[in-house]
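# Fold and contact review
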Amino acid sequence: MASSTCLRRFSQLSLDRATQPAFAPRSLLAATQASCFSTSAARHANPTGKKGMGAAPKRGTKTLNVKKGRKDTVKDLSKKPSPGDRKAMRKRIVLSNNNALEVPGLKDLEKDNALDPSNEGKVMGLAENVVDALRAVEAFKPSQGWSLFRRPATLMRKETIQVAQLLKEAEEAPEGQAKKTLRRILTGQRMSGKSTLILQGLAMGVLRDWVVIHLPEGQDLVNAHTEYAPLPGSQPTQYTQDLYTANLLSQIIKANEKILASININTNPSLPFPLPANSNLKQLADLGIINPEASWPVFAALWKELTQPGRPPIMLGLDGLSHVMGESQYMSAEVKRIHAFDLTIVRHFIDHLSGKVALPNGGLVLAATTKSNSPTSPALDFSIQVAEARQNKASDLPQWNPYANVDQRAMEALKDIEVLKVGGMSKEEARSIMEYYAASGMLRAKVDEGFVTEKWSLAGMGNIGELERASVRLRV
Amino acid sequence: MPPRLNLLSFSRQIPYRPKPQTQWRIQPAVRIAPAQCRAYVDAKDPAPADRSKRVDAKPLDTVSDEARATSEVMGETGPETEQGTPVEDVVKGDKEAQAKLPKVMQDKLKANSSGSGPKGTRSYSTASTPTTGADPYPDMGLLTFNPDPVAPDVPGVKFGLPSLPLPKGSHLKYRYDDIVDQVTNLLMRHGRKSVAQRNMSLILQHLRTSPIPTINPARPLLPGAPPPSHLPLNPILYLTLAIDSVAPLLRIRSQRGAAGGGVALQIPVPLGQRQRRRTSVEWILGNASKRRTMGSGKGGFAQRIAQELIACVEGKSSAWERRNAIHKLGVAARANIVMPRRR
């Protein structure tokens, strides 16, 4: 041991004996921290205990003045955005870019050619009424690249044609058989176009005169940002989300105005307010918007009307499925989390997704998973795995680890679901969309074999979001 | 030690021809010492120290080996000695132990447990996206990538010579536009280049979607600039034009003691292209940071910069005043330039 250390230890020993009380310290960390042979503490002690009592600095010496810069900053006197404006700006959906060029020869999707398999690999425009309906049901998302082009247009991919086939299947029932209710979960990698595929499905539904109902974000249903109330007479207790339901009703009206206005009420719904005689479904839904507290009974009555024989098929959509596959943020009266399936809207959707309730007039239930904002849902992940194995006719289905925790209700609901996997584009599809980019003036390059192959490979074998980012978004 | 045979001590010359093989022996510079490292538990051969024949002189086994031997005798499964147990497996399911892991491992655990994939923002995907049809041999994008069928004319060149000039972006380090690269680096804060690249992309997107600028004739852009209606369709040109138009031609260097009387002598110094761009980008960034963000979220700064760039092109930015002030000062101070006299 060095001599200085030795000395120090020795002095500490004496210090310890002097300072420590007779009883043992409660913690080892509480041992004294005083350094030995130091007079600095005593010298720096301020006997008065007041600050700023020292002598003024000598003239000419530099002092540290941290307030120095404050004088120069100019206060911004411009008008602040009013409350809510910032969020509105962030969530704003722009669907046109006046600088982009009009694409010559861009055909619109129409009622006749909407479900045509020969559309595969073509970019098709969306007509104005379709865009209005899709905007009403909030099918467009701010992160998608609609704001770069003259008007909304979509690429009819292989998966889109598959969805079109589903619509066709639901519309055309064989003689003497009930119309089909088809159910699909859309899965795929991040930015592979799941939400856009739902949008395309909704667009085809609008064109084919279906009733289109879309829950744009699963998270909004369960994050307890809207008010809720127990549904009277429900056992076990269910909960209604009145404002959300009223808003949903208004979206349904905006998207399906013509159809709802053309259907008169057949049944005699029991509602807390009187209905005018010979009213149509639009008037019924309007009453639900005016009286949000009765919005759920109105929705139920509307649904009952729509499922009467002879009514149009229904398209039900939900984006962000994994949010509703567990407990919501709402609390019950016992201060326990309410399961998402106990919320009436979610339950309504899940009943149709799981096949518990069929749509008598035919229809399609689409639910998209999300990869960028999704809570973990082991039940959903496992169900998707099983469904994929079943579709690939695998001999051994994956087995659930019986010791792992699982949301049994979600597992039960997703027991026999089918998935539609949204994969990468083929190179022909990539070429088609890149030619559209170039024709819009957003991609300044010669679209040839080598260029398409390069971008297609950079995009992870044709992931459309990555392709858009690499080619039009100028993302270095 | 003196050499045994001293050639210089002989009085007459002796024909001495050394044998070639003894003259210079190549020897390795570093001698390889015999290995003296300690063996790990799972090393196949025993440690070099363990050469003794006597049982009592042999070193003891490691603790794990001993435990294994004991458990073998007892008929139990002892600790695994063939392979180390990863820490992740040890702390699996143990919330308390997981909380005490280092941050890196905690992050890794968290990333593994949440089902969502990686959240990076790179412009290319490292994950391959298989197409929906289950193709056993997916085309990785290389099959159609046939190289140019040019026979190697030049002898000694295996793959032929590239055609010059090389296409733009073919150099790995200079594949992007140089002004985009420079502005990206100037946007970067705290070394977060990916964020800067995202901002750059948002700026260009904003330029592309904003209405056609109206040019102020009092503030002319660079000569030869395209008409303003062409600008939004070519956002990189828009950016270049905005930056180059307000870029000053010179800076003022204050030379101390050259004027006498404690006054610094102001000498105009010409700037190179990169320096000019840097100066103007710094003015633009300064002005942009004084603007108020009207929205919220990630794109606010990018939007302000884009607005400032548009203001530059339209002649509304205060960067123009700074540029003019510097030029005016430069003109006034041009007498201070001392050119080296030619002889």
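Residues numbered from 1 in each chain as written. Chains lettered and ligands numbered in written order. Predicted model: local features only at pLDDT ≥ 70, side-chain atom pairs only at ≥ 80, totals over all residues. Heavy atoms only, no water.

### Concerning the overall build of chain B
Helix and strand content of chain B: eleven helices and two strands. Its helices and strands taken in sequence order, chain B reads α-α-α-α-α-α-α-α-β-β-α-α-α from the N to the C terminus. Partitioning the contacts of chain B with sequence separation of at least 6, the portion at a separation of at least 24 is 55%. For chain B, the exposed surface amounts to about 26100 Å²; the carbon and sulfur share of it is 57%. (Helix = DSSP H or I, 4+ residues; strand = E, 2+ residues; numbered from the N terminus. Contact = heavy atoms within 4.5 Å. Areas by Shrake-Rupley, 256 points an atom, 1.4 Å probe, with all protein chains shown as cover.)

### Some thoughts on the nonpolar core
Residue and element names in this part refer to chain A. Leu221, Leu321, Val324, Phe349, Ile350 and Leu353 are the most contacted members of the largest nonpolar core, which totals 60 residues. Residue contacts for valine 324: discarding those within four places in its chain leaves Gly218, Leu221, Val222, Leu318, Ala340, Phe341, Val346 and Ile350. Formed by 42 residues, the second largest nonpolar core is a distinct cluster that contains Ala127, Leu167, Met204 and Met315. (Core = buried A, V, L, I, M, F, W, Y, C linked by side-chain atoms within 4.5 Å. Buried < 20%, exposed > 50% of the residue type's maximum accessible area, 1.4 Å probe, protein only.)

### Description of the packing of aromatic side chains
Aromatic rings considered in pairs are described by the distance between their centres and by the relative angle of their planes. Residues and elements named next belong to chain A. Enumeration over the complete set of coordinates arrives at nine aromatic pairs over all chains. With centroids separated by 5.1 Å and ring planes inclined at 85°, the aromatic side chains of phenylalanine 140 and tryptophan 146 adopt a geometry described as edge-to-face. The pair phenylalanine 140 / tryptophan 146 is uniform in exposure class, with both members buried. Aromatic pair phenylalanine 149 and tyrosine 437: ring centres 5.6 Å apart, planes at 15°, arrangement stacked. Here phenylalanine 149, found in the loop between α4 (128-136) and β2 (153-155), pairs with tyrosine 437, found in helix α15 (residues 427-439); they are 288 residues apart in sequence, far enough to count as distant. Classification of phenylalanine 149 by relative accessible area gives buried; the value is 7%. Members of the aromatic cluster, connected to one another through ring pairs, are Phe149, Tyr436 and Tyr437. Above the ring of tryptophan 456, the side-chain terminus of lysine 427 is found at 5.0 Å from the ring centroid. (Phe/Tyr/Trp six-rings, centres within 6.5 Å; stacked < 30°, edge-to-face > 60°. Lys NZ or Arg CZ within 6 Å of the ring centre and 35° of its normal.)

### Overview of the confidence of the model for chain B
Residues and elements named next belong to chain B. Within chain B, residue pLDDT values average 79, and 71% of them lie at 70 or more. Here residues 20-24 is modelled with pLDDT under 50, and outside its nearest four sequence neighbours on either side it reaches zero contacts, counting other chains as well. Considering only residues more than four positions removed or in separate chains, one finds that residues 28-39, a stretch of pLDDT under 50, has one contact. (pLDDT = per-residue confidence, 0-100.)

### Looking at unusual backbone geometry
A cis amide bond links glutamine 235 of chain A to the next residue, proline 236 of chain A, at an omega of -5°. Along the polypeptide, proline 236 of chain A turns up in the loop between β5 (229-230) and β6 (239-240). Going from leucine 164 of chain B to proline 165 of chain B, the amide bond is cis rather than trans, its omega being -5°. Within the secondary structure, proline 165 of chain B sits in the loop between α5 (103-113) and α6 (178-187). A positive phi is found at glutamate 138 of chain A, a non-glycine position, where the angle reads about 60°. In this fold, glutamate 138 of chain A is placed in the loop between α4 and β2. Relative accessible area serves as the criterion here: at 39%, glutamate 138 of chain A is assigned to the partly exposed category. One non-glycine residue, asparagine 278 of chain A, lies in positive phi territory at about 55°.

### Quick look at the pairing of strand β10 (residues 363-368) of chain A
Residue and element names in this part refer to chain A. For β10, the buried fraction is high: six of the six residues fall into the buried class. The alternating pattern of β10 places Gly363, Val365 and Ala367 and Leu364, Leu366 and Ala368 on opposite faces, both of which are buried. As defined by bridge partners, strand β3 (residues 181-188) adjoins β10 across six bridges and the pair is classed as parallel. The residue bridging arginine 184 from the neighbouring strand is leucine 366, located in β10. (Pairing = 2+ DSSP bridges.)

### A few points about the sheet that holds β10 of chain A
Residues and elements named next belong to chain A. Taken together, the five strands give an open sheet; going across it, the order is β4-β7-β10-β3-β11, and neighbouring strands pair in parallel fashion. The open sheet has two free edges, formed respectively by β4 (211-215) and β11 (419-422), since each of these has just one partner strand. The sheet shows a mean angle of 20° between the axes of neighbouring strands, taken without regard to direction. (Axes fitted to C-alpha atoms, helices over the stretch in contact; angles between N-to-C directions.)

### Some words on the environment of phenylalanine 451 of chain A
Residue and element names in this part refer to chain A. Among the structural elements, phenylalanine 451 can be located in helix α16 (residues 449-458). Given the relative accessible area of 15%, phenylalanine 451 is considered buried. Residues phenylalanine 451 and methionine 434, 17 residues apart in the sequence, show an inter-C-alpha distance of 9.7 Å. Filtering out sequence-adjacent residues up to four positions away, phenylalanine 451 remains in contact with Met434, Leu443, Ala445 and Lys446.

### Some points on a nonpolar patch on the surface
Side chains of Tyr228, Met331 and Val335 of chain A sit close together on the surface and give an oily, nonpolar patch of about 270 Å² of accessible area. Along the chain, the position of valine 335 of chain A falls in the loop between β8 (327-331) and β9 (337-339). (Patch = residues over 30% accessible without salt bridge, like charges linked within 9 Å, V, L, I, M, F, W, Y side chains within 5 Å. Salt bridge = Lys/Arg side-chain N within 4 Å of Asp/Glu carboxyl O.)

### Focus: the side chain of serine 471 of chain A
Tracing the chain through its elements places serine 471 of chain A in helix α17 (residues 464-471). Note on serine 471 of chain A: relative accessible area 4%, which makes it buried.

### Re the pattern of salt bridges
Throughout the structure, instances matching the rule amount to 27 salt bridges over all chains. Close ionic contact of lysine 180 of chain A with glutamate 169 of chain A constitutes a salt bridge, the shortest N to O distance being 3.1 Å. A residue pair is termed long-range when its members are at least 10 positions apart, and lysine 180 of chain A in the loop between α5 (158-171) and β3 and glutamate 169 of chain A in helix α5 qualify at eleven residues. Looking at lysine 180 of chain A, the relative accessible area reads 39%, which means it is partly exposed. A salt bridge links aspartate 107 of chain B to lysine 103 of chain B, with the nearest nitrogen and oxygen atoms 3.2 Å apart. One end of the pair, aspartate 107 of chain B, and the other, lysine 103 of chain B, are both in helix α5, four residues apart, so they sit about a helical turn from each other. Residue class for aspartate 107 of chain B comes out partly exposed when judged on its relative accessible area of 37%. Connected through salt bridges with shared partners, the residues Lys141, Glu217 and Asp319 of chain A form a single ionic network.

### A look at the packing of α5 of chain A against helix α6 (residues 194-207) of chain A
All names here are of chain A. Two elements in contact, α5 and α6, have axes whose closest approach is 10 Å; the angle formed by their N-to-C orientations is 40°. Here α6 runs oblique to α5, going by the angle between their axes. As α5 packs across α6, the resulting crossing turns out to be right-handed. Facing Glu159, Thr160, Val163, Ala164 and Leu167 of α5, the residues of α6 in contact are Leu197, Gln200, Gly201, Met204 and Gly205. In terms of residue class, the contact of α5 with α6 is made up of five nonpolar, four polar and one charged. (Parallel < 35°, antiparallel > 145°, perpendicular 65-115°, else oblique. Left-handed = near helix turned anticlockwise from the far one by under 90°. Nonpolar A, V, L, I, M, F, W, Y, C, P; charged D, E, K, R; others polar.)

### Focus: helix α13 (residues 378-391) of chain A
Residue and element names in this part refer to chain A. For α13, which comprises 14 residues, the first-to-last C-alpha distance of 20 Å matches the rise-based estimate of 20 Å (1.5 Å per residue) to within 8%. Residues of α13 that are buried include every one of Ala379, Leu380, Phe382, Ser383, Ile384, Val386, Ala387 and Ala389, and no others. Along its buried surface, α13 packs onto β3, α14 (408-413) and β11. Immediately beyond the C-terminal end of α13, within one or two residues, lies lysine 393, with a positive phi of roughly 55°. (Expected span 1.5 Å × (residues − 1).)

### Quick look at helix α7 (residues 193-209) of chain B
Residues and elements named next belong to chain B. Across its 17 residues, α7 extends 24 Å between first and last C-alpha, which sits within 8% of the 24 Å expected from 1.5 Å per residue. Within α7, burial applies to Ala196, Gln197, Asn199, Met200, Ser201, Ile203, Leu204, Gln205, Leu207 and Arg208. Along its buried surface, α7 packs onto α6, α8 (235-246) and α10 (300-313).

### Describing the side chain of glutamine 200 of chain A
Tracing the sequence through the fold places glutamine 200 of chain A in helix α6. Excluding residues within four positions of it along the chain, glutamine 200 of chain A makes contact with Thr154, Leu155 and Thr160 of chain A.

### What about the packing of α6 of chain B against helix α9 (residues 273-290) of chain B?
Between two packed helices, what matters for the description is the angle formed by their axes and the separation of those axes. Residues and elements named next belong to chain B. In contact at an axis separation of 10 Å, α6 and α9 are set at 45° when each is read in the N-to-C sense. Looking at the two axes, α6 sits oblique to α9. Pair α6 / α9 crosses with right-handed handedness. For the pair α6 and α9, contact is made by Asp178, Ile179, Gln182, Val183, Leu186 and Leu187 and by Arg274, Arg277, Arg278, Val281, Glu282 and Leu285, respectively. Here the residues of the contact of α6 with α9 are counted per class, giving six nonpolar, one polar and five charged.

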